[in-house]
Amino acid sequence: GAGVSQSPSNKVTEKGKDVELRCDPISGHTALYWYRQSLGQGLEFLIYFQGNSAPDKSGLPSDRFSAERTGGSVSTLTIQRTQQEDSAVYLCASSLRTGRYGYTFGSGTRLTVV
Amino acid sequence: EDKVVQSPLSLVVHEGDTVTLNCSYEVTNFRSLLWYKQEKKAPTFLFMLTSSGIEKKSGRLSSILDKKELSSILNITATQTGDSAIYLCAVEADRGSTLGRLYFGRGTQLTVWP
């Protein structure tokens, strides 16, 4: 597609429920990133996929968080047993292998855990 | 631990003023520094800087990197209300031939009053 697409744009869930956030990167972009932005905070790195290499999961805050990328394209970020502190905007970005122009971000998913 | 620090955290000016936003970093294996503008959810790319002392310009915005001082500035001249946004600085760590992980600062919230 023309840009990075994320869905849903907003999600309200009850504490303890599982949620899935989806990211559809720009066609041809081999690198895909997930970041989290809490209110008033900078972007916190979560996970990074590059082609067929093993993902860099070093930013995932707990084992309740996981992500996968199927077929080198669409990615799903899953949060199990959501907690209130998981409330944030989850941003996905993609880039070419050698990103001369940095990343292109999606519009994010605003997750609210009540 | 790698980190990126931006200052000021917030800034309020009137239309026509010139502003300078600062970014300093401590990142192992520095590769590039990027500036983004975030108005609602998706940050949009402004500049990527890799070489020290070379100014990049786009209209009223310009930026320069000082690798000796481990810092960068973003200048906006003749500010307009449409410049109101959060300006994010990010530093990329080297991953060889591929675009690496970005470390973000907390951003500078710029408000331009008419």
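Residues numbered from 1 in each chain as written. Chains lettered and ligands numbered in written order. Predicted model: local features only at pLDDT ≥ 70, side-chain atom pairs only at ≥ 80, totals over all residues. Heavy atoms only, no water.

### A look at the side chain of Gln37 of chain A
- By the secondary structure assignment, Gln37 of chain A is in strand 4 (residues 31-37).
- Overall, Gln37 of chain A belongs to the buried group, its relative accessible area being 13%.
- A distance of 2.8 Å separates a polar atom in the side chain of Gln37 of chain A from a polar atom in the side chain of Gln38 of chain B.
- With residues up to four places along the chain from it excluded, the contact list for Gln37 of chain A reads Gly42, Leu43, Ala88, Val89 and Leu91 of chain A together with Gln38 of chain B. (Helix = DSSP H or I, 4+ residues; strand = E, 2+ residues; numbered from the N terminus. Buried < 20%, exposed > 50% of the residue type's maximum accessible area, 1.4 Å probe, protein only. Polar contact = N/O pair within 3.5 Å; in protein donor to acceptor, adjacent residues only side chain to side chain. Contact = heavy atoms within 4.5 Å.)

### Some words on the state of the cysteines
- Enumeration over the complete set of coordinates arrives at 2 disulfides over all chains.
- One disulfide in the model links Cys23 of chain A with Cys92 of chain A; its S-S distance is 1.8 Å. Taking the sign of the S-S torsion, about -65° here, the bridge from Cys23 of chain A to Cys92 of chain A comes out left-handed. You can see Cys23 of chain A sitting in strand 3 (residues 19-24) and its partner Cys92 of chain A sitting in strand 8 (residues 88-95), a full 69 residues away along the chain. Across this residue pair, the class does not change: Cys23 of chain A and Cys92 of chain A are buried.
- The disulfide bridge from Cys23 of chain B ends at Cys89 of chain B, spanning 1.9 Å between sulfur atoms. Residues Cys23 of chain B and Cys89 of chain B are joined through a disulfide that is left-handed, its torsion about the S-S bond being -70°. Here Cys23 of chain B is found in strand 3 (residues 19-26), whereas its partner Cys89 of chain B is found in strand 9 (residues 85-93), with 66 residues between them in sequence.
- What makes Cys23 of chain B buried here is its relative accessible area of 2%. (Disulfide = S-S within 2.5 Å.)

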